[in-house]
Amino acid sequence: MQNIDITRRLRKLMPIAALLTGLIFAGVLPAQEKEKKQEPFGPELTAEGEKMSIGDRFHHETCATWGGAIGDMLRKKPEKPPQYKSYKDAKKIGLPEPNYSGMTVEEALKKRRSIRNYSTKPLTKKQLSQLLFAAQGVTGKMFGTALRTAPSAGALYPFEIYVVVNNVQDLPRGIYHYSVLDHAIELVKVGDFRDQITDAGMKQETLGKSGATFILSAIFDRVRYKYGERGMRFVYMEAGHISQNIYLQATSLGLGSVCAGAFLDEKVNKLIGVDGQKEAVIYLHPVGCL
Ligand SMILES: Cc1cc2nc3c(=O)[nH]c(=O)nc-3n(C[C@H](O)[C@H](O)[C@H](O)COP(=O)(O)O)c2cc1C
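Residues numbered from 1 in each chain as written. Predicted model: local features only at pLDDT ≥ 70, side-chain atom pairs only at ≥ 80, totals over all residues. Heavy atoms only, no water.

**Regarding the overall build of the protein chain**
- Counting its regular elements, the protein chain contains 11 helices and nine strands.
- The 290 residues of the protein chain split such that 40% are buried.
- Within the protein chain, counting contacts between residues at least 6 apart in sequence, those at least 24 apart form 72% of the total.
- Carbon and sulfur atoms form 57% of the exposed surface of the protein chain, whose accessible area is close to 16,900 Å². (Helix = DSSP H or I, 4+ residues; strand = E, 2+ residues; numbered from the N terminus. Buried < 20%, exposed > 50% of the residue type's maximum accessible area, 1.4 Å probe, protein only. Contact = heavy atoms within 4.5 Å. Areas by Shrake-Rupley, 256 points an atom, 1.4 Å probe, with all protein chains shown as cover.)

**What to know about the site of the ligand**
- The local shell around the ligand consists of R112, R113, S114, R116, Q204, Y247, V258, C259, A260, G261, A262 and Y283.
- Take A262: an N or O atom from its main chain is 3.1 Å from an oxygen atom of the ligand.
- Summarising the interface, the protein chains cover 55% of the accessible area of the ligand, which totals 620 Å² for the free molecule.
- Looking at side-chain class alone, the shell around the ligand contains six nonpolar, three polar and three charged residues. (Near = heavy atom within 4 Å. Polar contact = N/O pair within 3.5 Å; in protein donor to acceptor, adjacent residues only side chain to side chain. Nonpolar A, V, L, I, M, F, W, Y, C, P; charged D, E, K, R; others polar.)

**Considering the environment of L45**
- Mapped onto the secondary structure, L45 falls in the loop between helix 2 (31-37) and helix 3 (54-61).
- Under the relative-accessibility criterion, L45 is labelled partly exposed at 23%.
- Sequence-wise, L45 and R57 are 12 residues apart; in three dimensions their C-alpha atoms are separated by 8.7 Å.

**Quick look at the side chain of E160**
- Examined against the element boundaries, E160 turns out to sit in strand 4 (residues 159-165).
- Under the relative-accessibility criterion, E160 is labelled buried at 5%.
- A polar contact is formed between the side chain of E160 and the side chain of R222, at a distance of 2.7 Å.
- Setting aside residues up to four positions removed in sequence, E160 forms contacts with Q83, Y84, K85, H177, Y178, I215, L216, S217, I219, R222 and E279.

**Side note on the sheet that holds strand 6 (residues 184-190)**
- Taken together, the seven strands give an open sheet; going across it, the order is 1-6-5-4-7-9-8, and neighbouring strands pair in antiparallel fashion. Looking along the sheet, the strands with just one partner apiece sit at the ends: strand 1 (92-94) and strand 8 (255-257). Taken pair by pair, the neighbouring strands of this sheet meet at an average axis angle of 30°, ignoring direction.
- Sheet topology note: the strand 4/strand 5 (residues 174-179) ladder contains four bridges and is antiparallel. Residue pairing across strands places Y162 opposite H177, the latter belonging to strand 5.
- Against the sheet, helix 6 (residues 125-136) engages strand 1, strand 4, strand 5, strand 6, strand 7 (212-219), strand 8 and strand 9 (279-289), with an angle of about 160° to strand 4.
- Running at roughly 80° to strand 9, helix 11 (residues 265-272) makes contact with strand 4, strand 5, strand 6, strand 7 and strand 9 of the sheet. (Pairing = 2+ DSSP bridges. Axes fitted to C-alpha atoms, helices over the stretch in contact; angles between N-to-C directions.)

Here you go:
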């Protein structure tokens, strides 16, 4: 008897439920009801419904999903830029063989520290050679690609290494570019850039007082032509790999080094002559004698 009663009451309520559903779809319902229907992670909103910060958006919009991967495959990608950069008219200086063997990797890991004060003793060319090799030296070949000391997503190697030479034996002060294929450096600009690199590095004196300051600069489309926007994440990850190689090599050579992410982008980009869009500086790394 009671069951029949409940069924009757529910039947009476059905037109009201239908009306409410109609109102929801017609958008007459209060705003907060509509917000509840929104995806918690919309392209612009956080799980709390707040507007995403640029950092949140970068991470969120480069999250991989199977659906996203298919969408990414269909999206127009940039052209593949050349794999190697060279300064054809620049003076090229060969470097000594990078055949140093020092402490074990375990010792270097234990000893590695960020060091910001260096003596005035110059670095040797041999040390510079070893450090450049650690950063991006060629260690093998695969289908015509030069494999390096640091890993790279898809073996696409977005990084170019520049060096501000402040105090290296038998090497004029200036800005040099590392030519990976022949383990040589190309003189991009001759001159004393100690003040300019310090200024561009937000007055971090370590950048001008080093023997050499390494500049890690990325050509984004080398990765994006294949991996789309997610490739941007790979670029930053790779900077970390290269940086740690420089740290450990400097430690093993008995030198001091620190990575520096604090710098004025426009000034550092201008210093090495890159546009800051297709190619931009990601990291700085001074190295000096103790
Ligand atoms: C992404 C990143 C950016 C950094 N930027 C700077 C920097 O601009 N200047 C600096 O002196 N140290 C910088 N550091 C070094 C840290 O201060 C250092 O690693 C930290 O204090 C830990 O010390 P340790 O490296 O000796 O273990 C940076 C480190 C990282 C990982």
